[in-house]
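# Descriptive analysis of the structure
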Amino acid sequence: MSVKMWQDEQQLEWEKRDIALRRAAELKDQITEYLEQKKSIPDGFEIQGEYTKAKSELLEYFNATEEQWNDWRWQMANRIRDVRILSRLVRLESDEFNDIEKVGRQFRWAVSPYYLALAIAGGKEGPVWRQAIPSGLEILDRYGKEDPMGEEFTSPAAGITRRYPDRLIINVTNQCAMYCRHCQRRRNIGDIDVHKPRQVLEASLRYIRENPEIRDVLITGGDALLLSNKQLDWLLTELDNIPHVEIKRIGSRIPVTMPQRVTSQLCSVLEKHPPIYMNTQFNHPLEVTPEAKKACDMLIKAGVVLGNQAVLLKDINNDPHVMKRLNHSLLRIRVKPYYIFHAKAVKGTRHFITGVQDGINIMEQLRGFTSGLAVPTYIINAPNGYGKTPILPQYILENKNDHVTIRTWEKRVIPYSVSG
Ligand SMILES: *Cc1c(COP(=O)(O)O)cnc(C)c1O
């Protein structure tokens, strides 16, 4: 190679490197705003000081030990559900006290000491607090429907909801560790905790046995992990014995609201019944705590595959930066963001409803800007049980089959030909 050729080649290399460096600087610019905002969106690991303080105050009030705190039976038995007790744990203004008392007469509330400590640590009226503690707005909502999804009309057998060709839900309990203020199945929560009686579960199982196209069974509630280990073992064994059931899924907010329920005994039950997929519901990065991580670690060790179904909630997570931080925090604890649900106008939850554009903006600011693993699917549940419908920003501007116009995550409009 002549000196001249070598110099030309070197020159070309520099030019390429220069273009790449300019592009990298452009990409760096795309993320500065998020990095700045992120500082004011802590996750559960970053508020451990506040959490530990709230937890010790709760332990002192209940005169309980660390060991009791880590025992889910203690957590369940000591769920806070009375405004008088709440007011001894947190300073409440008199109108707050009255609102909680008044709402409580109409809609049940209960919160595990663990989740209350987190709510206090995250700040009164903060994103954790508002999911757990009743708001006066719940009883001002005169318009929402009890059952906007029409679930009552999609139950072909006791305990079952079926909306799809190859999969269905078995509803096993109405009990939860915490009754979410945004709950979409409020009408099932009622006033007392009831697991479905054995004969209802038998009827559900019979339906599954008789319908061989069902290959995917989702066990949910309420919170499916509030069944006893023995009941879960029985149900999972029954499902394993149905040859056409290929996978089992569990719907549970336990890793978020009462991670203490995930014990080694529970894990030895789950471990016996692969494949199990579990979707949980983290809605805000503050909920991603060391305890939640421990529960997820144990579930993963037991072979359970974890996903997250967040609900889009006004002033809690209807913000692209918050949602991005949430999804990043979830990936760190090995939970794959699966869905973001648009919240429906269920009676008593109106104050949580956002516009659809909020969800689209979030999707717009996730795709491309961050790992594909951190991008869930945004879903609107169609009325009358017609099913989950994905909602996306518009990425295809013109479609002539072999010639399309796409627009990229950065909004570059580019013609694309299938033949190159
Ligand atoms: C959400 C849901 C499922 C599961 O849907 P996927 O999109 O497969 O996660 C199944 N059955 C019913 C009735 C549901 O509401």
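Residues numbered from 1 in each chain as written. Predicted model: local features only at pLDDT ≥ 70, side-chain atom pairs only at ≥ 80, totals over all residues. Heavy atoms only, no water.

In the annotation of an unreviewed UniProt entry, the chain is listed under the name Lysine 2,3-aminomutase YodO family protein and assigned to Desulforamulus ruminis. Heading Cofactor (unreviewed entry) of the UniProt record for the chain holds this comment: "pyridoxal 5'-phosphate". (UniProt positions renumbered as here; feature names shortened; annotations may be inferred.)

Okay, the overall build of the chain next. Each helix and strand in the chain was counted, giving 16 helices and twelve strands. Seen through its principal axes, the chain has C-alpha atoms that stretch 85 × 55 × 45 Å. Within the chain, buried positions represent 50% of all 420 residues. Partitioning the contacts of the chain with sequence separation of at least 6, the portion at a separation of at least 24 is 78%. Summing over all exposed atoms, the chain offers an accessible surface of approximately 20700 Å²; the carbon and sulfur share of this is 53%. Counting 59 positive and 53 negative side-chain charges, the chain places the averaged centre of each group 2 Å from the other. (Helix = DSSP H or I, 4+ residues; strand = E, 2+ residues; numbered from the N terminus. Buried < 20%, exposed > 50% of the residue type's maximum accessible area, 1.4 Å probe, protein only. Contact = heavy atoms within 4.5 Å. Areas by Shrake-Rupley, 256 points an atom, 1.4 Å probe, with all protein chains shown as cover. Lys, Arg positive; Asp, Glu negative; His and termini not counted. Charge placed at Lys NZ, Arg CZ, Asp CG, Glu CD.)

Right, let's get into the UniProt feature "binding site: [4Fe-4S] cluster" (unreviewed entry) in the chain. In the UniProt entry, the feature "binding site: [4Fe-4S] cluster" (unreviewed entry) is given for Cys176, Cys180 and Cys183. Topologically, cysteine 176 is positioned in the loop between β2 (167-171) and α9 (186-189). Ignoring sequence-local partners within four residues, the contact set of cysteine 176 consists of Met76, Arg79, Gly222, Asp223 and Leu226. When you line up the elements, cysteine 183 lands in the loop between β2 and α9.

What follows is about the site of the ligand. By nearness alone, every residue bordering the ligand is listed as Thr161, Arg163, Tyr164, Arg167, Ile169, Arg249, Tyr338, Tyr339 and Lys388. In this structure, an oxygen atom belonging to the ligand sits 3.1 Å away from a side-chain N or O atom of arginine 163. At 2.5 Å, a side-chain N or O of tyrosine 339 approaches an oxygen atom of the ligand. Protein burial of the ligand: of its 380 Å² of free accessible surface, 90% is covered by the chains. By residue class, the composition of the shell around the ligand is four nonpolar, one polar and four charged. (Near = heavy atom within 4 Å. Polar contact = N/O pair within 3.5 Å; in protein donor to acceptor, adjacent residues only side chain to side chain. Nonpolar A, V, L, I, M, F, W, Y, C, P; charged D, E, K, R; others polar.)

Right, let's talk about the sheet that holds strand β12 (residues 413-417) for a bit. The sheet built from three strands is open, its strands ordered β10-β11-β12 with antiparallel pairing. Two strands in the sheet have a free side with no partner beyond their single neighbour: β10 (396-399) and β12. For this sheet the average axis-to-axis angle between neighbouring strands, irrespective of direction, equals 20 degrees. (Pairing = 2+ DSSP bridges. Axes fitted to C-alpha atoms, helices over the stretch in contact; angles between N-to-C directions.)

Moving on, we get to the pairing of strand β11 (residues 403-407). Pairing of β10 with β11, which is carried by three bridges, proceeds in the antiparallel orientation. When the bridges of β11 are listed, isoleucine 396 appears paired with isoleucine 406. Between β10 and β11, which pair antiparallel in sequence order, lie three residues; one of them, asparagine 401, sits at a positive phi of approximately 65 degrees. Two strands pair when backbone bridges link them, and β11 and β12 are joined in this way by five bridges, in the antiparallel orientation. Bridge assignment links threonine 405 to a residue of β12, and that residue is proline 415.

As enumerated under the stated definition, the model contains 33 salt bridges in all. Between arginine 79 and aspartate 193 there is a salt bridge, with the nearest N and O atoms lying 3.0 Å from each other. Taken together, the residues span a long stretch of sequence, with arginine 79 in the loop between α4 (72-77) and α5 (83-89) and aspartate 193 in the loop between α9 and α10 (198-210) at a distance of 114 residues. Overall, arginine 79 belongs to the buried group, its relative accessible area being 6%. The network of salt bridges with common partners includes Arg23, Glu26, Glu410 and Arg412. (Salt bridge = Lys/Arg side-chain N within 4 Å of Asp/Glu carboxyl O.)

In this model, helix α6 (residues 94-106) (13 residues) spans 19 Å end to end at C-alpha, consistent with the 18 Å of a helix rising 1.5 Å per residue. Within α6 the residues assigned to the buried category are Glu96, Ile100 and Val103. In an axial view of α6, the angular spread of the buried residues amounts to 75 degrees, which keeps them on one side of the axis. Projecting away from the buried face of α6 at angles above 90 degrees are the exposed residues Ser94, Asp95 and Arg105. Structurally, α6 contributes buried residues whose contacts are with α5. (Expected span 1.5 Å × (residues − 1). Arc of directions from axis to C-beta.)

This next bit is on helix α14 (residues 290-301). Counted at 1.5 Å a residue, the expected span for α14 with its twelve residues is 16 Å, and the 16 Å between its end C-alpha atoms agrees. Regarding α14, the residues found buried are Glu291, Ala292, Ala295, Cys296 and Leu299. Taken end-on, α14 shows its buried residues confined to a sector of 135 degrees, consistent with a single buried face. Exposed and facing more than 90 degrees away from the buried side of α14 are Lys294 and Lys301. Two residues or fewer after α14 comes glycine 303, characterised by a positive phi angle close to 90 degrees.

All right, on to the domain arrangement of the chain then. Under the domain assignment used here, the chain contains domain 1 (1-40), domain 2 (44-131) and domain 3 (151-390). On a C-alpha basis, the centroid separation for the pair domain 1 and domain 3 is 44 Å. Taken together, the contact between domain 1 and domain 3 spans five residues of the former and five residues of the latter. With both chains or domains summed, domain 1 and domain 3 bury close to 530 Å², and 61% of this area falls on carbon and sulfur atoms. Ranking the residues of domain 1 by area buried against domain 3 places Gln30, Tyr34 and Lys38 at the top, with a combined share of 77%. Taken together, the links from domain 1 to domain 3 amount to zero salt bridges. Across the contact surface, domain 1 and domain 3 share one residue pair in polar contact (both at pLDDT 80 or more). Of the residues contributing to the side of domain 1 that touches domain 3, the split by class is one nonpolar, two polar and two charged. (Domains from an automatic or database assignment. Buried area = accessible area lost by both parts, 1.4 Å probe.)

The next thing to look at is the packing of helix α11 (residues 229-240) against helix α13 (residues 264-271). At a minimum axis separation of 10 Å, α11 and α13 run at an interaxial angle of 5 degrees. The angle between α11 and α13 falls in the class roughly parallel. Side by side, α11 and α13 meet where Asn229, Leu232, Asp233 and Leu236 of the first sit next to Gln265, Leu266, Val269 and Leu270 of the second. Partitioned by chemical class, the residues of the contact of α11 with α13 number five nonpolar, two polar and one charged. (Parallel < 35°, antiparallel > 145°, perpendicular 65-115°, else oblique.)

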